[in-house]
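Residues per chain are reported as follows:
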Amino acid sequence: MEHTNLILIRHGQSEYNLENRFTGWQDIDITKTGKQEARKAALEIKDQRIDIAFTSKLIRAQHTLQIIQEVCGWQDVPVVINKALNERSYGALEGKDKAEITKEFGEKQVWLWRRSFDVAPPGGESLKDTYNRVIPYFKQSILPCLLQSQEVLIVAHGNSLRALLMFLESLSPAQILQREIETCVPLFYDLSEDRLQRLK
Ligand SMILES: O=C(O)[C@H](O)COP(=O)(O)O
């Protein structure tokens, strides 16, 4: 496998993913399928060296990371938990059925809430709001590890990771509209020293 110094993984399927409900900050665990996805992701990355792992305060991400650690034998890898990596808040939509909300508000509005950069769901966070907490945390706590040549694993959420890859790949608000992050499909980054310096 090629060298990589940063791996991003979205948690395994959650109970609400299975039920097609908006999750956001609701602390919902992963399903049996989610556990299998985590084991599969672990097998894909187990040959990598990981020095430190970061995850959110939410159980679906932590549980996914625990399974990865068990399968890879990485129980001793230090884990840093921070709410800055939490999923975006879906506000008033949390717990609601995505299909019913689409029926009520229309596909275009729901798509803007789910995928646009700056349209926030009612009472929740836009991707821009999420970006504005994820990226300062990345710069302050994760980037220094990478700059010290540590190999980093981040297990987080669809939208906190969309914010992060927008930053890492210098994507515009128009480009991020198209990006979907699948559950437990590892994203590998090999960031050169020069690139890391420019991310500071
Ligand atoms: O919070 C949620 O509902 C999901 O984790 C991500 O949802 P999305 O695909 O609507 O962004």
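Calculation criteria
- Per chain, residues are indexed from 1 in the order of the written sequence.
- Where totals are concerned, whole chains, interfaces and linings use all residues; where local detail is concerned, this predicted model gives features only for residues with pLDDT of at least 70, and gives and counts side-chain atom pairs only at 80 or more.
- Note that the side-chain values use all heavy atoms of the structure and ignore hydrogens as well as water.
- Note on geometry: axes are C-alpha line fits, over the in-contact stretch for helices, and angles between N-to-C directions span 0 to 180 degrees.
- For the purposes of this entry, the term helix denotes a DSSP run of H or I that reaches at least four residues, the term strand denotes a run of E that reaches at least two, and both are numbered from the N terminus.
- Note on terminology: angles under 35 degrees are roughly parallel, angles over 145 are roughly antiparallel, angles of 65 to 115 are roughly perpendicular, and the others are oblique.
- Any two residues whose heavy atoms approach within 4.5 Å at even a single point are treated as in contact.
- Three categories are distinguished: nonpolar for Ala, Val, Leu, Ile, Met, Phe, Trp, Tyr, Cys and Pro, charged for Asp, Glu, Lys and Arg, and polar for the others, with Gly belonging to the last.
- The disulfide criterion used throughout: a pair of cysteine sulfur atoms within 2.5 Å.
- Think of it in three bands: with a 1.4 Å probe and only protein chains considered, a residue is buried below 20% of the maximum accessible area for its type, exposed above 50%, and partly exposed in between.
- Being near a molecule or strand, for a residue, comes down to having at least one heavy atom within 4 Å of it.
- Throughout this description, a polar contact denotes any pair of N or O atoms lying within 3.5 Å of each other; where both atoms belong to protein, one of them has to be capable of donating a hydrogen while the other can accept it, and for residues adjacent in sequence the pair is counted only when both atoms sit in side chains.
- Where accessible areas are quoted, they stem from the Shrake-Rupley method and a 1.4 Å probe; at the residue level, only the protein chains shown are allowed to cover.
- For cavity detection a 1 Å grid was placed over the protein atoms alone, and a set of points counts as a cavity when a 1.4 Å probe fits there but cannot get out; an open set counts as a pocket when protein lies on both sides within 12 Å along at least five of seven lines, with lining residues being those that have an atom within 4 Å of a point.
- If over half the atoms of a molecule are within 2 Å of the grid points of a cavity or pocket, the molecule is regarded as sitting in it.
- Pairing of aromatic side chains here covers Phe, Tyr and the six-membered ring of Trp, requires ring centres within 6.5 Å, and sorts the geometry by plane angle: under 30 degrees stacked, over 60 edge-to-face, intermediate tilted.
- Note on geometry: a ring has a charge over it if NZ (lysine) or CZ (arginine) is within 6 Å of the ring centre and within 35 degrees of the ring normal.

**Overview of the packing of helix α4 (residues 98-105) against helix α5 (residues 107-115)**
Here α4 crosses α5 at 125°, and the two axes come no closer than 7 Å. Here α4 is positioned oblique relative to α5, judged by the angle of their axes. Residue-level contacts link Lys 98, Ile 101, Thr 102 and Phe 105 of α4 to Glu 107, Gln 109, Val 110, Trp 113 and Arg 114 of α5. Of the residues that constitute the contact of α4 with α5, the class distribution is four nonpolar, two polar and three charged.

**Structural notes on the state of the cysteines**
As used here, a disulfide is simply a covalent bond connecting the sulfur atoms of two cysteines. Within this structure, the stated rule accounts for zero disulfides. Of all cysteine sulfurs, the one in Cys 184 lies closest to Cys 72, which takes part in no disulfide; the gap is 11 Å. The buried category is assigned to Cys 184, whose relative accessible area is 5%.

**Some remarks on the site of the ligand**
Surrounding the ligand, one finds Arg 10, Arg 21, Phe 22, Thr 23, Gly 24, Glu 87, Tyr 90, Lys 98, Arg 114, Arg 115 and Asn 159. Tyr 90 is positioned such that a nitrogen or oxygen atom in its side chain is 2.8 Å from an oxygen atom of the ligand. Separating an oxygen atom of the ligand from a side-chain N or O atom of Lys 98 is a distance of 3.2 Å. Considering the ligand on its own, with 320 Å² of exposed area, one finds that the protein chains cover 96% of that surface. Cavity membership is defined here by more than half of the atoms lying within 2 Å of grid points; on that basis the ligand lies in the largest pocket. A class-by-class count of the residues in the shell around the ligand yields two nonpolar, three polar and six charged.

**A word on helix α7 (residues 158-168)**
The buried fraction of α7 amounts to eleven of the eleven residues, a majority that puts the element mostly inside the structure. Following α7 by one or two positions, Ser 170 has its phi on the positive side, about 50°.

**Digging into the packing of aromatic side chains**
The full count for this structure, using the stated rule, is six aromatic pairs. With a centroid separation of 5.1 Å and 70° between ring planes, the pair formed by Phe 105 and Trp 113 is classed as edge-to-face. By way of ring pairs, the aromatic residues Phe 117, Tyr 131, Phe 138 and Phe 167 are connected into one cluster. Here the basic side chain of Arg 88 rests over the ring of Tyr 90, its NZ or CZ set 4.9 Å away from the ring centre. Here the basic side chain of Lys 98 rests over the ring of Phe 22, its NZ or CZ set 5.2 Å away from the ring centre.

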